[in-house]
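Reading the structure
Given next are the chains, with one letter for each unit.
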Amino acid sequence: MVEVTQVSNRFQIEDLVVQDASGVVFRALDTQTGDFVALRRFFPSGADGGGLNAAQQHAYQETVGRLAAVTHPALRSIISGDCDPIDGMPYIATEWIEGSRLRTCLEQGPITPEEVAHVLTQALEVSQILSGVLGEEGIWIETGLEAIVIGAEKTGRTVTFWIAPQKWLGKNDSRHGLECIVELTETLMGWHGKRVSDHAGKGLGLWLKWLRGAKATATLQEVREMLAASTGADSPASATRLYREAFQQKRSKSHLLWILVAGLVLLAAAVGTWTALNKKPPEIPPPSIRIVE
């Protein structure tokens, strides 16, 4: 076990998960909570480049703070994020989800059109929520098969995504348009370079053909509505409802925490009062009487 003092004294590295030109991911222990996290250190200017300057670091910290308030079943929530004080490299810690990488699942056999539609639906929902936070529409998550995890049954999570800081940093591969959703669909369905019929993939073919032509102009809401209509799913929730639900859960947890804290304070005060009222007063020895003969 190696303490990551150059990143944060809070986290201790357990394992190296993956490393590429964009950065490195560790499985680390959060010493404040005792939980495991995915600790990701990014190379905003490439593996041979430097970190962020002071202004960029400030902007990064503010953005991470806003994104940490987002909760969604398909998003690995942000625990902490900052920049290394030594070299300015940004890092982010997100919850650790036990499960299998989507690439591994595909190697074991194809997944059904329904499962593909679920992955796409979740990716688009999360992206629309993050777009509201960042103030710009885009796919602000990792869509590579190595970065998408199918949660183990015990986690109660299906598909989960990582937020992609390098996209909002505008460095390296800064593409955050719908092209990556087209590529993800083609990869999952095995449709790269292929013409597909409207009925292929139980309606996914119709949606993909539309998206290929509309990817430069369509809004995320339009893409979600077209996906639901093409596959026969229920109409998707509005952006307003997505935002409300994404932030309500953490507010509720925070409110509950304050209630618990207040309850403990009141309980402690009551116990203190009861103890004071029922405490047996100390025995005072009787005054000594001196008899003078």
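Residues numbered from 1 in each chain as written. Predicted model: local features only at pLDDT ≥ 70, side-chain atom pairs only at ≥ 80, totals over all residues. Heavy atoms only, no water.

Enumeration according to the criterion identifies one aromatic pair in this entry. Taking 5.9 Å as the distance between ring centres and 25 degrees as the angle between the ring planes, the aromatic pair formed by Y60 and W168 counts as stacked. Of this pair, Y60 sits in helix α1 (residues 54-67) while W168 is found in helix α4 (residues 165-169), placing the two residues 108 residues apart along the sequence. The pair Y60 / W168 is uniform in exposure class, with both members buried. Against the face of F36 rests R27, its NZ or CZ located 3.7 Å from the ring centre. Positioned over the ring face of W96 is R27, at 5.4 Å from the centre of the ring. (Phe/Tyr/Trp six-rings, centres within 6.5 Å; stacked < 30°, edge-to-face > 60°. Helix = DSSP H or I, 4+ residues; strand = E, 2+ residues; numbered from the N terminus. Buried < 20%, exposed > 50% of the residue type's maximum accessible area, 1.4 Å probe, protein only. Lys NZ or Arg CZ within 6 Å of the ring centre and 35° of its normal.)

A separate point is the environment of Q221. Its location among the elements puts Q221 in helix α7 (residues 220-231). Of the residues examined, Q221 reaches a relative accessible area of 17% and is grouped as buried. It is 8.6 Å that separates the C-alpha atoms of Q221 and L124, two residues lying 97 residues apart in sequence. Apart from residues lying up to four places away in sequence, Q221 is in contact with Q128, P236, A237, S238 and A239. (Contact = heavy atoms within 4.5 Å.)

Relative orientation of the contacting elements helix α3 (residues 113-134) and helix α5 (residues 179-189) amounts to 160 degrees, with a least axis distance of 10 Å. One element, α3, and the other, α5, form an angle in the roughly antiparallel class. With respect to the hand of their crossing, α3 and α5 are arranged in right-handed fashion. Touching P113, V116, V119, L120, A123 and L124 of α3 are I181, L184, T185, L188 and M189, all from α5. Residues of the contact of α3 with α5, tallied by class, amount to 10 nonpolar, one polar and no charged. (Axes fitted to C-alpha atoms, helices over the stretch in contact; angles between N-to-C directions. Parallel < 35°, antiparallel > 145°, perpendicular 65-115°, else oblique. Left-handed = near helix turned anticlockwise from the far one by under 90°. Nonpolar A, V, L, I, M, F, W, Y, C, P; charged D, E, K, R; others polar.)

The phi dihedral of K202 is positive, around 55 degrees, even though this residue is not glycine. By the secondary structure assignment, K202 is in the loop between α5 and α6 (204-214). The exposed category is assigned to K202, whose relative accessible area is 57%.

So, on to the pairing of strand β4 (residues 36-42). In terms of burial, β4 is largely enclosed, as six of its seven residues are buried. Pairing geometry for strand β3 (residues 23-30) and β4, over seven bridges, is antiparallel. From the neighbouring strand, G23 faces β4, where its bridge partner is F42. Hairpin connection of β3 to β4: five residues between the antiparallel strands, including G34 at a positive phi of 80 degrees. Here β4 pairs with strand β6 (residues 90-95) via five bridges, running antiparallel. Along β6, the bridge assignment pairs L39 with A93. (Pairing = 2+ DSSP bridges.)

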